[in-house]
Structure formats: structure tokens, C-alpha cells
Amino acid sequence: MDSGTMTNTAEQLFISQVIGPYLYPFFLIPLLGILLGVMVAFFKISAKEALIRFHYSFLILSQLILLGLSAFLHLSFLPELGLSHSIGVKLDWFPELGIYFDIGIDSLSSTFLMFTQLTFFLISLFLGRYFSLQKRVSYILLTYLVMLAVNGTFLAQNFILFYLFWELVLVPILIMV
């Protein structure tokens, strides 16, 4: 192995370790929104209206954060920066079966991810105007679930994970329609 290949591999490992953790918020923020939505929907809280408004505000804020993060990741794949390969994180899921939670991003998936986050941001803005307060809770919850599944679909690096996220997209969409 020559030194150019070794430097390139070390550089790829460094970039993967630096940018890889930026992929976690695409899963953790929707999960946090889902937990908050379940809490709002199923628990009897005296200040429920204020909590629903907080949940909607959290949706808008989380969409802005994910939109900015996806734009940052998309810009990091510009040809001038020299980043042209897939960057990802591989976690043990069922290693004895050869199944890993393998997520990653490349220039194509970063483009899809950025436009998806822009679409979800626009959906979130219109969600607050056209639904009553009680219907808004269920739609916000379903929006977070769709967001989690679509992000997973675009970031999946193996077929099993892609298939699971793809099927997860269909359930809330069917309920919303």
C-alpha cells in the first residue's frame, strides 16, 4: 500500500468521524418530537392548549435546525471541498445476522435530504394555519413520524434498513390521507 492510499484512507476516516455524528439529529429530533406528541395526545394535562402550542413551536424550530444541518451537509459535498465519497456511521444492530444500523450520506442523498427538509418546513408552517388545535396534535405527530422515516430512507446504506424505513413512510401517509 503506498502512502497516497494510506493518507486518503486516513483522511476518509477522519472526515467520517467528524461529519458522521451530524447524521444523528435527523433521527433524534423526530424521535423527541414523537415522544412529546405522545405526551401531549395521551396524557391529561391541565394546560393542554399551551403544550400543543409549544409542540407546534418545537416542530418549527426542529425543522429550521434540520434544514440548516442538511444545507451544511449538502454544501460540504461541493466539488471544491473535495468530498466525493459517502460518509456514514455503522452501528451494531444484529451483528450475528450481518445486519447493521448503517446510515450515511453522499452528494445525491444530501440533495434529497435538503429538499425534503425544506418541504417539511413548509408543511410545518401550513400545519398551524389550517387545522384546529386538537387535530393539529395528531398531524404534528404523524409529520414527525413521516420525517423520521423519510430521513431514514435517504440515509440508509443497506437494503434492510432502506426497506424498513420505506415501509414506515407508508403507515403515517395512509393515516394522514
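Residues numbered from 1 in each chain as written. Predicted model: local features only at pLDDT ≥ 70, side-chain atom pairs only at ≥ 80, totals over all residues. Heavy atoms only, no water.

**Remarks on the environment of V40**
Thought 1: Summarising the element assignment, V40 is placed in helix α2 (residues 25-42).
Thought 2: Residues V40 and H55, 15 residues apart in the sequence, show an inter-C-alpha distance of 8.1 Å.
Thought 3: Among residues more than four places away in sequence, those in contact with V40 are K48, L51, I52, H55 and V137. (Helix = DSSP H or I, 4+ residues; strand = E, 2+ residues; numbered from the N terminus. Contact = heavy atoms within 4.5 Å.)

**Some thoughts on the nonpolar core**
Thought 1: In terms of nonpolar packing, the biggest core is built from 37 residues, with F26, F27, L59, I103, I105, Y144 and L155 touching the most fellow members.
Thought 2: Among the elements of the structure, α2, α3 (48-75), β1 (87-94), β2 (99-105), α4 (107-130), α5 (133-155) and α6 (159-176) are those that each provide at least two residues to this core.
Thought 3: The biggest single contributor to this core is α5, with 10 residues.
Thought 4: Beyond its immediate chain neighbours, meaning those up to four positions away, F26 contacts L66, L69, S70, L73, L113, Q117, L148, N151 and L155. (Core = buried A, V, L, I, M, F, W, Y, C linked by side-chain atoms within 4.5 Å. Buried < 20%, exposed > 50% of the residue type's maximum accessible area, 1.4 Å probe, protein only.)

**Brief notes about the pairing of β2**
Thought 1: Burial of β2 is extensive: 6 of the 7 residues sit out of reach of the surface.
Thought 2: Between β1 and β2, which pair antiparallel and follow one another directly, the connecting turn spans 4 residues, one of which, G98, has a positive phi of 80°. (Pairing = 2+ DSSP bridges.)

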